[in-house]
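# Breakdown of the fold
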Amino acid sequence: MVEGTPHRETQRRVSILGSTGSVGTSTIDLIAREPDRFAVEALVGGANAALLAEQAKTLGASFAAIADETAWPVLRDALAGTGIEAAAGRDAVLEAARRPADWTMGSIVGAAGLAPTLEAVRRGGIVALANKEALVCAGDLFTEEAERAGCRILPVDSEHNAIYQVFDDARREGIDRIILTASGGPFRTLSLDDMARKSPAEAVAHPNWSMGVKISIDSATMMNKGLELIEAHHLFAMPEARIDVLVHPQSVVHSLVSYVDGSVLAQLGSPDMRTPIAYCLAWPRRMDTPVERLDLAAIGQLDFSAPDIRRFPCLGLARQALRAGGDAAPVLNGANEAAVEAFVAGRIGFTDIASVVAETLDRCPVEPVTDLEGVFAADAKGRRVAEDVIAGFGGLSIAHVGAAN
Ligand SMILES: NC(=O)c1ccc[n+]([C@@H]2O[C@H](COP(=O)([O-])OP(=O)(O)OC[C@H]3O[C@@H](n4cnc5c(N)ncnc54)[C@H](OP(=O)(O)O)[C@@H]3O)[C@@H](O)[C@H]2O)c1
């Protein structure tokens with residue numbers, strides 16, 4: 001587990017990379033409730049300049065950066081005369097991540113978050129990590145950078161945050177396995193034929209969580225759980241064979257740690273990202289949140305079952321990539337991002353996402369990765385090969401994917 005600098009009992013200076021997204025706005029909701037406790041250094045958005053400017057003004061941020069350069073005029077005009085510095089483009093995003101802050105939320109979506117999140121990691125302090133794709137792609141290189149910089153990584157993903165809360169790192173020889181829970185997404189009970197007909201709007205409609213488009217679709221394919229499995233491997237230094245997945249449709253038990261004496265410790269709560277975000281914001285203390293309190297008597301029953309790898313092959317593909325090592329995880333991630341974009345654009349069907357990722361992995365022999373350039377190259381290769389697969393797509397059978405696992 002990545003250790004870091006000790007906590008300081010002063011006002012926390014925070015930056016949010018991806019402030020305009022689902023995790024970003026939840027983070028701002030909590031910060032705005034305790035304005036004396038937090039000062040905002042930098043905010044980063046992708047393309048939504050109007051919301052970014054409004055957030056920067058409300059929170060009195062020092063710096064606002066927008067990744068999309070075409071959105072610059074909107075940001076510039078909205079912040080004119082406020083004294084808030086602003087800039088646009090990739091370098092501006094990296095500059096925001098480098099600015100002095102005690103605490104940074106890494107909540108940019110996708111591999112686009114890797115470079116800025118790493119800038120924040122290199123600066124040290126605390127990085128609350130929501131951007132799982134950064135860890136999936138860079139893996140050990142990412143955690144080594146954190147250790148070198150004395151940066152403490154706090155997991156924001158509700159599952160990893162739950163594990164972090166019940167994982168006895170000082171006596172890890174007593175830990176047998178970790179168990180990630182999965183809601184199963186909106187298509188949990190559907191046949192493959194029914195899933196194949198589902199639209200992007202139906203895939204995004206998650207039963208329990210309100211999230212961004214990409215992670216919602218990843219939840220529907222269960223690639224999200226596959227990415228989380230790789231994330232858990234790196235965060236908790238657990239081998240793939242000792243990480244289990246358990247389907248739990250109510251999303252109340254956020255994950256579990258199983259000990260060698262038979263004890264199983266879990267963290268529970270209402271499905272609201274403000275709980276794990278608050279844990280990270282206040283760490284090592286706790287802070288109040290407006291999250292609905294868990295009423296187990298009202299819920300009455302919690303259900304659990306094993307995942308069905310045949311209907312949700314992405315989970316098996318992620319395990320396959322983690323076992324393969326080398327550049328397989330960034331290739332898997334790049335291929336998945338390309339496939340999800342193609343699905344959202346109506347170019348492929350829902351079940352084709354897994355087929356595209358499987359075929360991309362088949363076409364890319366595993367190569368070693370020794371540096372970050374190698375990670376970016378693997379990400380680009382995964383996208384490029386996936387685009388080739390999509391372009392020549394003749395309706396690969398999902399059975400082809402199932403057979404690979
Ligand atoms: N949502 C959840 O409940 C949840 C839970 C656990 C983990 N996560 C993880 O947290 C991350 C964010 O998820 P989300 O649901 O918050 O996604 P989201 O709602 O789509 O937000 C993504 C954020 O990234 C920004 N962005 C996109 N491309 C960018 C780029 N090239 N450079 C800089 N910023 C860019 C977006 O800006 P614009 O909107 O301005 O374009 C937005 O602020 C993902 O990795 C996800 O897997 C999310």
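Here we summarise the structure given alongside this text. (Residues numbered from 1 in each chain as written. Predicted model: local features only at pLDDT ≥ 70, side-chain atom pairs only at ≥ 80, totals over all residues. Heavy atoms only, no water.)

What follows deals with the overall build of the protein. Counting its secondary structure elements, the protein contains 18 helices and 11 strands. At 20 Å, the protein has a C-alpha radius of gyration in line with the 22 Å of a compact globule built from 405 residues. For the protein, the spread of C-alpha atoms along the principal axes amounts to about 60 × 50 × 45 Å. A separation threshold of at least 6 residues defines the contact pool for the protein, and within that pool the share at least 24 residues apart is 70%. (Helix = DSSP H or I, 4+ residues; strand = E, 2+ residues; numbered from the N terminus. Rg over C-alpha atoms; globule rule 2.2 N^0.38 Å. Contact = heavy atoms within 4.5 Å.)

Now for the packing of helix α5 (residues 114–123) against helix α6 (residues 132–149). The geometry of α5 relative to α6 is characterised by a closest axis approach of 9 Å and an angle of 15° between their N-to-C directions. Taken together, the axes of α5 and α6 are roughly parallel relative to one another. Crossing of α5 over α6 shows right-handed handedness. Contact with α5, carried on its side by Leu-114, Thr-117, Leu-118, Val-121 and Arg-122, involves Ala-134, Cys-137, Ala-138, Phe-142, Glu-145, Ala-146 and Ala-149 of α6 and no other residues of that element. Within the contact of α5 with α6, the residues separate by chemical class into 9 nonpolar, 1 polar and 2 charged. (Axes fitted to C-alpha atoms, helices over the stretch in contact; angles between N-to-C directions. Parallel < 35°, antiparallel > 145°, perpendicular 65-115°, else oblique. Left-handed = near helix turned anticlockwise from the far one by under 90°. Nonpolar A, V, L, I, M, F, W, Y, C, P; charged D, E, K, R; others polar.)

Here the focus is the site of the ligand. Lining the immediate surroundings of the ligand are 24 residues, of which Thr-20, Ser-22, Gly-46, Glu-133 and Gly-212 lie closest. In this structure, Asn-48 approaches the ligand through a main-chain N or O atom, which is 2.9 Å from an oxygen atom. One nitrogen or oxygen atom from the main chain of Val-109 is found 3.4 Å from an oxygen atom belonging to the ligand. Coverage of the ligand by the protein chains reaches 83% of its 890 Å² of free accessible surface. Looking at the shell around the ligand, the elements that each hand over two or more residues are α1 (22–33) and α6. Looking at the shell around the ligand residue by residue, the class counts come to 10 nonpolar, 11 polar and 3 charged. (Near = heavy atom within 4 Å. Polar contact = N/O pair within 3.5 Å; in protein donor to acceptor, adjacent residues only side chain to side chain. Areas by Shrake-Rupley, 256 points an atom, 1.4 Å probe, with all protein chains shown as cover.)

In this structure, His-234 sits in helix α11 (residues 223–236). Residue classification places His-234 among the buried residues on the basis of a relative accessible area of 15%. In contact with His-234, other than residues within four places in its own chain, are Leu-135, Gly-139, Asp-140 and Thr-143. (Buried < 20%, exposed > 50% of the residue type's maximum accessible area, 1.4 Å probe, protein only.)

With that settled, the discussion passes to the pattern of salt bridges. Summed over the entire model, instances satisfying the criterion amount to 34 salt bridges. Arg-293 serves as the salt-bridge partner of Asp-288, at 3.8 Å between the closest nitrogen and oxygen. Each of the two residues, Asp-288 as well as Arg-293, counts as exposed. Between Glu-367 and Lys-381 there is a salt bridge, with its nearest N and O atoms 3.3 Å apart. Of this pair, Glu-367 sits in the loop between α16 (352–363) and α17 (372–391) while Lys-381 sits in helix α17; the two residues are 14 residues apart in sequence, bridging distant segments of the chain. We classify Glu-367 as partly exposed; its relative accessible area is 42%. Among the ionic contacts, a cluster of salt bridges with common partners joins Arg-13, Glu-41, Glu-85, Glu-95 and Arg-99. (Salt bridge = Lys/Arg side-chain N within 4 Å of Asp/Glu carboxyl O.)

This part covers the packing of aromatic side chains. One pass over the full model with this rule turns up 4 aromatic pairs. Ring geometry for Phe-187 versus Phe-350: centroids 4.9 Å apart, planes at 90°, classification edge-to-face. Of this pair, Phe-187 sits in the loop between β8 (175–182) and α8 (192–196) while Phe-350 sits in the loop between α15 (328–344) and α16, and the two are 163 residues apart along the sequence. With a relative accessible area of 3%, Phe-187 lands in the buried category. (Phe/Tyr/Trp six-rings, centres within 6.5 Å; stacked < 30°, edge-to-face > 60°.)

Attention shifts here to the sheet that holds strand β3 (residues 63–66). Ordered in space as β4-β3-β2-β1-β5-β6-β7, the 7 strands form an open sheet in which the pairing is parallel. If you trace the sheet from one side to the other, it starts and ends with β4 (85–88) and β7 (151–155), each paired once. Strand-to-strand twist in this sheet, taken as the mean axis angle between neighbours without regard to direction, amounts to 20°. The pairing of strand β2 (residues 38–45) with β3 spans 4 bridges and is parallel. Across the sheet, residue Val-44 finds its bridge partner in β3, namely Ala-65. (Pairing = 2+ DSSP bridges.)

So, about a nonpolar patch on the surface. A cluster of nonpolar side chains, contributed by Leu-268, Leu-294, Leu-296 and Ile-299, occupies part of the molecular surface with about 280 Å² of accessible area. For Ile-299, a relative accessible area of 34% translates into the label partly exposed. (Patch = residues over 30% accessible without salt bridge, like charges linked within 9 Å, V, L, I, M, F, W, Y side chains within 5 Å.)

Take the pairing of β3 next. On β3, burial covers both faces: Phe-63 and Ala-65 on one face and Ala-64 and Ile-66 on the other are all buried. In this structure, β3 lies alongside β4, joined through 4 bridges in parallel fashion. Note on β4: the bridge partner recorded for Ala-65 is Ala-87. With helix α3 (residues 72–79) bridging β3 and its parallel neighbour β4, the resulting β-α-β unit is right-handed. (Right-handed = clockwise from strand over helix to strand, strands pointing away.)

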